[in-house]
Amino acid sequence: MCRRDRASGGTTQTLYLARSLTIQGGYTNTNWNTSYPITQPTILDALNPLAPLSRGRVISITAPSATFVNLTIQNGHVISDSGGGIYALFSSANDGITMTGSTLSGNESGWRGGGAYLMGGGAEFTNSTTSGNTSGAGGGGLSLAYPTGALTPTPLSATMAVNPVGAIHTDYDNTHK
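Everything in this summary refers to the structure shown in the same document. (Residues numbered from 1 in each chain as written. Predicted model: local features only at pLDDT ≥ 70, side-chain atom pairs only at ≥ 80, totals over all residues. Heavy atoms only, no water.)

## Section: the overall build of the protein
Here is step 1: A count of helices and strands for the protein gives one helix and 19 strands.
Here is step 2: Relative to its full complement of 177 residues, the protein shows a buried share of 44%.
Here is step 3: Residue pairs at least 24 apart in sequence account for 77% of intrachain contacts in the protein once pairs closer than 6 positions are excluded.
Here is step 4: Entry remark: accessible area of the protein is about 8500 Å², with carbon and sulfur atoms responsible for 53%. (Helix = DSSP H or I, 4+ residues; strand = E, 2+ residues; numbered from the N terminus. Buried < 20%, exposed > 50% of the residue type's maximum accessible area, 1.4 Å probe, protein only. Contact = heavy atoms within 4.5 Å. Areas by Shrake-Rupley, 256 points an atom, 1.4 Å probe, with all protein chains shown as cover.)

## Section: the pairing of strand S6 (residues 65-69)
Here is step 1: Two elements, strand S3 (residues 21-24) and S6, share four bridges in a ladder whose sense is parallel. Along S6, the bridge assignment pairs Thr-22 with Thr-67.
Here is step 2: Here S6 runs beside strand S10 (residues 96-100); their pairing, made up of five bridges, is parallel. From the neighbouring strand, Thr-67 faces S10, where its bridge partner is Thr-98. (Pairing = 2+ DSSP bridges.)

## A word on the nonpolar core
One broad rule of soluble globular proteins: the nonpolar side chains tend to lie buried together.
Here is step 1: The biggest cluster of nonpolar side chains holds 24 residues, and the ones touching the most others in it are Ile-59, Ile-61, Phe-68, Ile-73, Ile-86, Ile-97 and Leu-118.
Here is step 2: Elements with a minimum of two residues in this core: strand S5 (57-61), S6, strand S9 (86-89), S10, strand S13 (116-119), strand S14 (122-126) and strand S17 (142-145).
Here is step 3: For this core, the element with the highest residue contribution is S5, accounting for three residues.
Here is step 4: With residues near it in sequence (within four places) discarded, Ile-86 still touches Ile-59, Ile-61, Phe-68, Ile-73, Ile-97, Met-99, Leu-104, Gly-115, Ala-116, Tyr-117 and Leu-118. (Core = buried A, V, L, I, M, F, W, Y, C linked by side-chain atoms within 4.5 Å.)

So yeah, pure geometry; function would need other evidence.
Here it is in structure tokens:
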């Protein structure tokens, strides 16, 4: 479990990605060949047990892409911003995140995207869930601002509809390219 917070660009987060990266969880210390996500969970957690009121975001992304496999991303909390679990800024239609076998849970934001806020780019969710995420303005599970890529959730009703303030929020402006 990763619980250390780092400040970068004025934001506190558990993990900051400035380069494209794939993060896979579920491995044991003695077997890095086979993932066991049920018995060997990998958790990125913004909760600091020594200072529970000063959590921050779990992941900030400025890289072109990020892939998360068999991870739990939880307990992110940003008061006056978006993206409690994941906050990502993408610059092209080919940019985005991919989540496979992963969970966004218990994340909160004061604005949009309690679970994840993605500016530009796209997102693909396969066998992943969002639950118990909240936001102040929309997209308890996921908020897409000016998406330039595709959103591929599977299955939508089972994974995202359980979030307060609506499961998915999108902003679209046809002048934004």
